[in-house]
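# Observations on the model geometry
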Amino acid sequence: MAKMKPRESQNVEYKSSWHDKYLEWICGFANAQGAVMYFGVNDDHEVIGLENVDRLMEDIPNKIVTTMGIVVDVNLYEVEGLDYIEVVVGPSNIPINYRGKYYYRSGSTMQELRGPALQQFVLKKMGRSWDDITNEFATIDDLDRSAIDYFLRKGIKAGRISEDEANSSTQSVLENLHLLSEDGKLKNAALLLFAKNPQCYFTCVEFKIGRFRKDEADLITQDVIEGNIIQMTDRVMDILKTKYFTSPIHYEGMQRIEKLEVPEDGLREIFYNAIAHKDYMGAPIQMRVWDDYCEIWNEGGLPSGFTPETLLKKHSSHPRNKNIAYAFFKAGFIESWGRGYKKIREGFEGAGLPMPKIEDIEGGVRVTFQRNNVGKLHDETTPLSEGLPKGLSERLPKGLSERLPKGLSKTTISVCVMTYSNRYVSRKEMADSIGISTTSVQKHINKLKALGVLKRVDSARNGHWEFVDEETE
């Protein structure tokens, strides 16, 4: 059987015969990158021929123009007496529908676009993003001036805003960020960035944090951070530092250093990316904190053609929310050249931690990173000197490890490690982290006091924990 030589194209389809259902395919290809379709040809490029080609040569282009309003090339070819038809579909720069429905070719599947996916598609075709849509009811009075001042301070510090603009009016700031429409209406981005209460306009402007133990049913504590997104990362970091993460203490000469267990710059970069690229018509950002690792997930998949591996290499910037990304860039939060994950890698590897894992999953992006957590639990029979992370036991007060008996409960060891890692940790913070009551925490503290290794200095409210050094007794 004769074979034909297909035209070179990113997408080529072979169909043995013509059916009107293939009009949906043509619509999907026009909305994507275009394609070449061959009718009367099987998947092995073998020409098997078509019947009624004269009628089809009239019907196919007429139906396409009538139902979709686009013009395609329809060509008739013949090989060894067998006729086949070539239909060349070019990509359209405007949304195309077939009988009121919008189709889109993604990979090897044809999808009908509906709801938020359709809205995002239409906006993208028009060269706009969701955060570019105007709100007909909000006014400048709905914005928080302190949030705008915060933005200006950050931008000036980053060298991306002139110091002369420190006292710019709210109107001027919005105009410079392109956050006003031609008729002076606020765009969605303006409300997300600076509104006094953006939840009045968008229900999913939240950052949820949950502390888990064994599985997702074992939730110990949780927080929901709300408010404008320009200051959201700061609020999230404050909660993590005081409630979820530890800051082990060490000394450099006479200087006391309390360094967060994960690299703060890298962690902020992850948060900025999640907030700036989130699909704000979807679910809230979700962070799960486990003993050994954390997961951060935001609604909204990777840009078309991107994979997690793409982000780890040199790549162009494709922001989902162009206005938000521009404001974050001016504030010094993110780069405009797709360098964010390079900075994350540098931060985590500099702290001796592996590069976070990136996944395109469940309609969004999930970033998983390891904790350098000295407060995690140990086996029941593990002595403190063997159960601590590498290097920490050497920094304990001399003789402390040897003075703690083997077989000490894992909860007592956890309390010991947490009080050593953070001398100002409260009983409530320990209870939340370990998953027990404050009364139980006090019992383990009493045990450590009875062993003569832990004491409380000054008042319960303003004091701190200290470990007794045998050499000073």
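Structure first, text after, so check above.
Summary of the structure given here. (Residues numbered from 1 in each chain as written. Predicted model: local features only at pLDDT ≥ 70, side-chain atom pairs only at ≥ 80, totals over all residues. Heavy atoms only, no water.)

## Some words on helix 4 (residues 145-157)
- Taking 1.5 Å as the rise per residue, helix 4 with 13 residues should run 18 Å; its terminal C-alpha atoms sit 18 Å apart, in good agreement.
- Looking at the buried side of helix 4, the elements it contacts are helix 5 (170-176), helix 6 (188-194), helix 7 (232-244) and helix 10 (322-330).
- Downstream of helix 4 by a residue or two, Gly 159 has a phi angle that is positive, lying close to 80°. (Helix = DSSP H or I, 4+ residues; strand = E, 2+ residues; numbered from the N terminus. Expected span 1.5 Å × (residues − 1). Contact = heavy atoms within 4.5 Å.)

## Describing the sheet that holds strand 8 (residues 219-225)
- Across the sheet, which stays open at both edges, the 6 strands sit in the order 8-7-11-12-14-13 with mixed pairing between neighbours. Two strands close off the open sheet at either side, each with one partner strand: strand 8 and strand 13 (357-361). Across this sheet, the average inter-strand angle for adjacent strands is 15°, counted without regard to direction.
- Bridge count for strand 11 (residues 285-289) against strand 12 (residues 293-299) is 4 bridges, and the pairing is antiparallel. Counterpart to Arg 288 in the pairing with strand 12 is Glu 295.
- Its contacts with the sheet place helix 7 against strand 7 (207-212), strand 8 and strand 11, and it is angled at close to 155° to strand 8.
- Sheet contacts for helix 15 (residues 427-434): strand 7 and strand 8; angle to strand 8, the most-contacted strand, approximately 110°. (Pairing = 2+ DSSP bridges. Axes fitted to C-alpha atoms, helices over the stretch in contact; angles between N-to-C directions.)

## Some thoughts on the pairing of strand 13
- By the bridge criterion, 5 bridges tie strand 13 to strand 14 (residues 364-370) in an arrangement that is antiparallel. Looking at the pairing, Ile 361 lines up with Gly 364 of strand 14.

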